[in-house]
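# Understanding the architecture of this molecule
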Amino acid sequence: MRRASGLLFVRAQKIILILLAISMPVIFPALRASADANDVMQPQVWSEEQIRTLRSLSLSSLPPLPKDSSNAYADDPKAIELGRNIFFDKRFSANGKVSCATCHIPETGFTDSLSLARGLGMTTRRTMPLIGVAYQSWFFWDGRKDSLWSQAIDPLESSVEHGFTRTLCAHLISDKYKKEYEGIFGKLPKIDHKSCPPKASPGTGNPSAIRLWKAMKSEDKDNVNRIYANIGKSVAAYVRQILPQPAPFDQYVDALVRNDLETAQELLSPDAVEGLMIFIGKAKCTSCHMGPLLTNSSFHNIGLNNPKDTGRAEGIDKVLHDEFNCLGKYSDAKPEECLELRFIDTNRTKYVGAFKTPTLRNAAERPPYLHAGQLKTLSEVLNFYRSSASSELEHQQLSDTELLKIEAFLKTLSGPLVFPK
Amino acid sequence: MLKRITSTCSIVSVLVFIGFAAFSDLSFGYTVKPTSDAEYAKTMKSKDGIFKVTYASDPEVIPVNKIISWKLKVETVDGQPVKDAEITVNGEMPEHGHGLPTQPKVTKNFGDGTYLVEGIKFSMPGWWTMTFTIKAGGKTDNVVFNLQLK
């Protein structure tokens, strides 16, 4: 009995040793975590790799405005001016009260403060920010447009936004902007009420407007479409120029890069610096919020489970069938230049409930948040991200204090905007 | 004696639990990230050793979040060009369980055993794998390239 129990003890010891070896992966992450905690105690010390990451997020890394090959007028000063005038012109609406600037208000960073955008009626989504939008590949929360110009014309025909018709857009250009238009796009075709009925429109969802549109001659439809596309190209030329200026975060990184630690310390509070470290580290925010505009311009499901809105899954088909897409006849691009559209990921299942990553530039200045303004404060957003079960979010455990520090950092991303006056 | 056995057993059961936890922890990332330079080479043999494949990226330094193209050179293991291959592409981030945000395709066969792959876009820094399934001469094989993007 004594011998048998002694043997059992020896075997038990062996098992303990084996299990200790097995459990090392559990113990080691704990050791690593305590090393991370030490790093946080000395927030001013950045490794070379971390500095590289910080530089990649800073505005100093923002390349010049990318070429939009689908819009030959994107950088034409006359198109910028016409686009600006149209952007603020309320005559481009059914009730004469709605312009692009109704939702994209320049004084509040080209967005509004509503959960759901309101024009003639209420839309189903939050107004998107326009800061640095020219750098993106897809437009709207679901990416149903592949250029800024084709995005810009979509709200004109929407019954809950401008509620206008496509033919009225052409009439208005012909009546009020003939000289400016012809100075950019060449001679306007003849637009009269008989061949182009003011109530004709293919995109309003109104059956009689669609019927009237279908009854028009294809040549007239083409003329109207061309003017409509050129309205978009002018507005895009203006919106392209809405750009962020350095925020405290950018000035902090610039100071770090030139090794001016004293100035750096004055620019960001210790909490913001720690928040930045968590942002690029354990919170893994930079997996999606990357580059100087802090977005990857791609689509992710963060676990909101909104059954009424499938997001990108529907956006894929809409952009593929859009007559104003990069491969369409109103685009100025050669087919081989339409890379995003030609190689679009069409796996619709993958994108159910996925929405575009918004820029974090000036995010603190524009509550509410998410694609339908579901959350009112940055703190609510951070708490939601922490609690979400979405497999697309991969941050490690985050404490309440850590969330507050990330919030302190996010506030350092607010800076002035430049845009043509 | 009995007490000693009981306490040993309770320690053992705690450690068995930790051990299982450790295994289940490991099972999350059970695709192990390669560490040797050889596993990140631009020339690799296919899994069953049928083809030797080399890629050249344009641009050479692979950027994140930009659409790029690759030129793929497909040879038999003894260096003969494979001129009539059918090739499909799949890019993945094994540690994250997601793929590329685009659907790259072979858009051109140069006729000398080289092929143009367009529409490659890596959406984030980190470890990526690019798997090419190559079908030629009645044989099919896969080749996997590892990439570490900054």
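It should be emphasised that the depicted structure is a prediction, and the values quoted were computed from it without experimental measurement.

Below, the discussion takes up the overall build of chain A. Summing up its helical and strand segments, chain A has 16 helices and 4 strands in all. A buried classification covers 44% of the 421 residues belonging to chain A. The contacts of chain A with a sequence gap of at least 6 include a subset with a gap of at least 24, amounting to 74%.

Across its full length, chain B carries 1 helix and 9 strands. When its helices and strands are written in sequence order, chain B yields α-β-β-β-β-β-β-β-β-β. Buried residues in chain B amount to 20% of all 150 residues. Taking contacts inside chain B between residues at least 6 apart in sequence as the whole, the part at least 24 apart equals 56%.

Quick look at the environment of glycine 205 of chain A now. Residue position: glycine 205 of chain A is located in the loop between α7 (178–185) and α8 (207–215). When the C-alpha positions of glycine 205 of chain A and serine 159 of chain A are compared, they lie 7.8 Å apart, and in sequence the two are 46 residues distant.

What follows is about the sheet that holds strand β4 (residues 86–93) of chain B. Hydrogen bonds along the backbone pair up the strands of a sheet, which may run parallel or antiparallel. Residue and element names in this part refer to chain B. Taken together, the 4 strands give an open sheet; going across it, the order is β5-β4-β8-β9, and neighbouring strands pair in antiparallel fashion. Edge strands, defined here as strands with exactly one partner in the open sheet, are β5 (98–99) and β9 (139–149). Pairing geometry for β4 and β5, over 2 bridges, is antiparallel. Bridge pairing in β5 places methionine 93 opposite histidine 98.

With that settled, the discussion passes to the domain arrangement of chain A. Residue and element names in this part refer to chain A. Here the domain parsing of chain A yields domain 1 (46–61 + 244–311 + 353–418) and domain 2 (77–139 + 147–239). Taking only C-alpha atoms, the centre of domain 1 and the centre of domain 2 are 33 Å apart. At the junction of the two partners, domain 1 supplies 18 residues and domain 2 supplies 16 residues. Residue composition of the side of domain 1 that touches domain 2, by class: 8 nonpolar, 5 polar and 5 charged.

On to the confidence of the model for chain B. All names here are of chain B. In the predicted model, chain B carries a mean pLDDT of 85, and 80% of its residues have values of at least 70. Below a pLDDT of 50 lies the segment residues 14–30, which in the model reaches 20 contacts outside its immediate sequence neighbourhood of four places, other chains included. Reported confidences for the modelled complex are a pTM of 0.85 and an ipTM of 0.79.

Let's shift gears to the pairing of strand β8 (residues 126–136) of chain B. Residue and element names in this part refer to chain B. Here β4 pairs with β8 via 7 bridges, running antiparallel. If you follow threonine 88 over to β8, its bridge partner there is threonine 133. Pairing analysis gives 11 bridges linking β8 to β9, with the strands arranged antiparallel. When the sheet's bridge partners are listed, tryptophan 128 is paired in β9 with leucine 147.

In helix packing, the relevant descriptors are the interaxial angle and the interaxial distance, both defined with respect to the helix axes. Residue and element names in this part refer to chain A. Put simply, helix α15 (residues 378–387) and helix α16 (residues 400–410) touch, their axes get as near as 10 Å, and they point 130° apart. In terms of orientation, α15 lies oblique with respect to α16. In the packing of α15 onto α16, the handedness of the crossing is right-handed. Between α15 and α16, the residues in contact are Leu378, Ser379, Leu382, Asn383 and Arg386 and Leu403, Ile406, Glu407 and Leu410, respectively.

Residues and elements named next belong to chain B. Two elements, strand β6 (residues 105–109) and strand β7 (residues 114–120), share 4 bridges in a ladder whose sense is antiparallel. When the bridges of β7 are listed, lysine 105 appears paired with glutamate 118. Hairpin connection from β6 to β7: 4 residues lie between these consecutive antiparallel strands, with glycine 111 at a positive phi of about 85°.

To continue, consider the sheet that holds β7 of chain B. Residues and elements named next belong to chain B. Here 5 strands make up an open sheet; going across it, the order is β1-β2-β3-β7-β6 and the pairing antiparallel. Edge strands, defined here as strands with exactly one partner in the open sheet, are β1 (43–45) and β6. When the angles between neighbouring strand axes are averaged without regard to direction, this sheet yields 30°. As paired elements, β1 and strand β2 (residues 51–58) share 3 bridges and run antiparallel to each other. Among the inter-strand pairings, methionine 44 is bridged to a residue of β2, identified as valine 53.

Moving on: unusual backbone geometry. All names here are of chain A. Residue proline 368 is bonded to the preceding proline 367 through a cis peptide linkage, with omega at -5°. Within the element layout of this structure, proline 368 appears in the loop between β3 (355–356) and α15. Phi at asparagine 259 takes a positive value of approximately 60°, unusual for a residue other than glycine. Residue placement: asparagine 259 occurs in the loop between α10 (248–257) and α11 (261–267). Accessibility expressed as a C-beta count within 10 Å gives 7 for asparagine 259, which makes it exposed. For asparagine 305, which is not glycine, the phi dihedral falls at a positive 50°. Mapping asparagine 305 onto the fold places it in the loop between β2 (299–300) and α13 (312–320). The exposure class assigned to asparagine 305 is exposed, which follows from the 10 C-beta atoms found within 10 Å.

Rules and cut-offs
- Residues numbered from 1 in each chain as written.
- Chains lettered and ligands numbered in written order.
- Predicted model: local features only at pLDDT ≥ 70, side-chain atom pairs only at ≥ 80, totals over all residues.
- Helix = DSSP H or I, 4+ residues; strand = E, 2+ residues; numbered from the N terminus.
- Buried ≥ 20, exposed ≤ 12 C-beta atoms within 10 Å, placed from the backbone.
- Contact = placed C-beta atoms within 7 Å.
- Pairing = 2+ DSSP bridges.
- Domains from an automatic or database assignment.
- Nonpolar A, V, L, I, M, F, W, Y, C, P; charged D, E, K, R; others polar.
- pLDDT = per-residue confidence, 0-100.
- Axes fitted to C-alpha atoms, helices over the stretch in contact; angles between N-to-C directions.
- Parallel < 35°, antiparallel > 145°, perpendicular 65-115°, else oblique.
- Left-handed = near helix turned anticlockwise from the far one by under 90°.

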